[in-house]
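Structural features, examined
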Amino acid sequence: MNFQDWLDVKFTPEEELSIEREAFELKKQTDSEHVVRTCVALLKQSRYQSKLLECAVNRIGYLEMELEKVEHDARRAHS
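Description of the structure in this document. (Residues numbered from 1 in each chain as written. Predicted model: local features only at pLDDT ≥ 70, side-chain atom pairs only at ≥ 80, totals over all residues. Heavy atoms only, no water.)

**Concerning the overall build of the protein**
Going by this rule: Secondary structure elements are defined from DSSP: runs of H or I of at least 4 residues count as helices, runs of E of at least 2 residues count as strands, and each element is numbered from the N terminus. In this setup the radius of gyration rests on C-alpha atoms only. A globule is expected at 2.2 Å times the number of residues raised to 0.38. A simple rule labels every residue: compare its accessible area, found with a 1.4 Å probe on the protein chains alone, to the largest value its type can have, and call it buried under 20%, exposed over 50%, or partly exposed in between. Every accessible area reported is derived by Shrake-Rupley at a probe size of 1.4 Å, with residue values counting cover from the shown protein chains alone. Just so you know, the count uses Lys and Arg for positive and Asp and Glu for negative, and it drops His and the chain ends. For this purpose, a charge sits on NZ of Lys, CZ of Arg, CG of Asp or CD of Glu.
Broken down by element type, the protein carries two helices and zero strands. For 79 residues, the compact-globule estimate of 2.2 N^0.38 gives 12 Å, and the protein exceeds it by more than 25% at 21 Å. Each of the three principal axes of the protein carries a C-alpha extent, and together these read 70 × 25 × 10 Å. In the protein, which comprises 79 residues, the share counted as buried stands at 1%. Accessible area for the protein stands at about 7500 Å²; split by element, carbon and sulfur atoms hold 58% of it. The protein carries 12 positive and 16 negative side-chain charges, and their two centres are separated by 5 Å.

**Re helix α2 (residues 32-78)**
Selection rule: By this rule the span expected of a helix is its residue count minus one, scaled by 1.5 Å. The term polar contact refers here to a pair of N or O atoms within 3.5 Å; inside protein, the definition further demands a hydrogen-donor-capable atom paired with an acceptor-capable atom, and it admits residues adjacent in sequence only when both atoms are side-chain atoms.
Between its terminal C-alpha atoms α2 stretches 68 Å, which fits the 69 Å expected from 47 residues at 1.5 Å a residue. Between the side-chain oxygen at the start of α2 and the backbone nitrogen of E33 there is a gap of 3.2 Å, and the oxygen is on D31.

**Regarding a nonpolar patch on the surface**
The following threshold applies: Patch membership requires more than 30% relative accessible area and the absence of a salt bridge. Residues of like charge join within 9 Å; the nonpolar side chains Val, Leu, Ile, Met, Phe, Trp and Tyr join within 5 Å. Any carboxyl oxygen of Asp or Glu within 4 Å of a side-chain nitrogen of Lys or Arg constitutes a salt bridge here.
On the surface, W6, L7 and L53 cluster together to form a nonpolar patch covering roughly 250 Å² of accessible area. Residue position: L7 is located in the segment before α1 (13-28). L7 sits in the partly exposed class, given a relative accessible area of 36%.

**Overview of a negative patch on the surface**
On the surface, E14, E15, E16 and E20 cluster together into a negatively charged patch. Assignment of secondary structure puts E20 in helix α1. Overall, the relative accessible area of 54% leaves E20 in the exposed class.

**Some remarks on the pattern of salt bridges**
Side chains that carry opposite charge are capable of pairing whenever their charged atoms lie near each other. A full pass over the atoms with the stated rule returns three salt bridges. As a salt-bridge pair, D8 and K10 come within 2.5 Å of each other at their nearest N and O atoms. For K28, the salt bridge goes to E25, with nearest N and O atoms at 3.4 Å. Of this pair, K28 and E25 are both found in helix α1, three residues apart, which corresponds to roughly one turn of the helix.

Next comes the structure, spelled out in structure tokens:
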């Protein structure tokens, strides 16, 4: 698996349907306060997840570089 392969996110048909149902329910909402609270919560959650993903990707990249270094050193030692 290449480094970027796991970044290719695909939803199952069931997950896509669930997302569409939730979006439909929000579109039907007539209570603007509910919509505002939902949007604020989604914004905060999105920013948190973006930061978490950024940290995770950076850490994975660092660990992969370390692993490559160890593998390279091991190959060199056996040569």
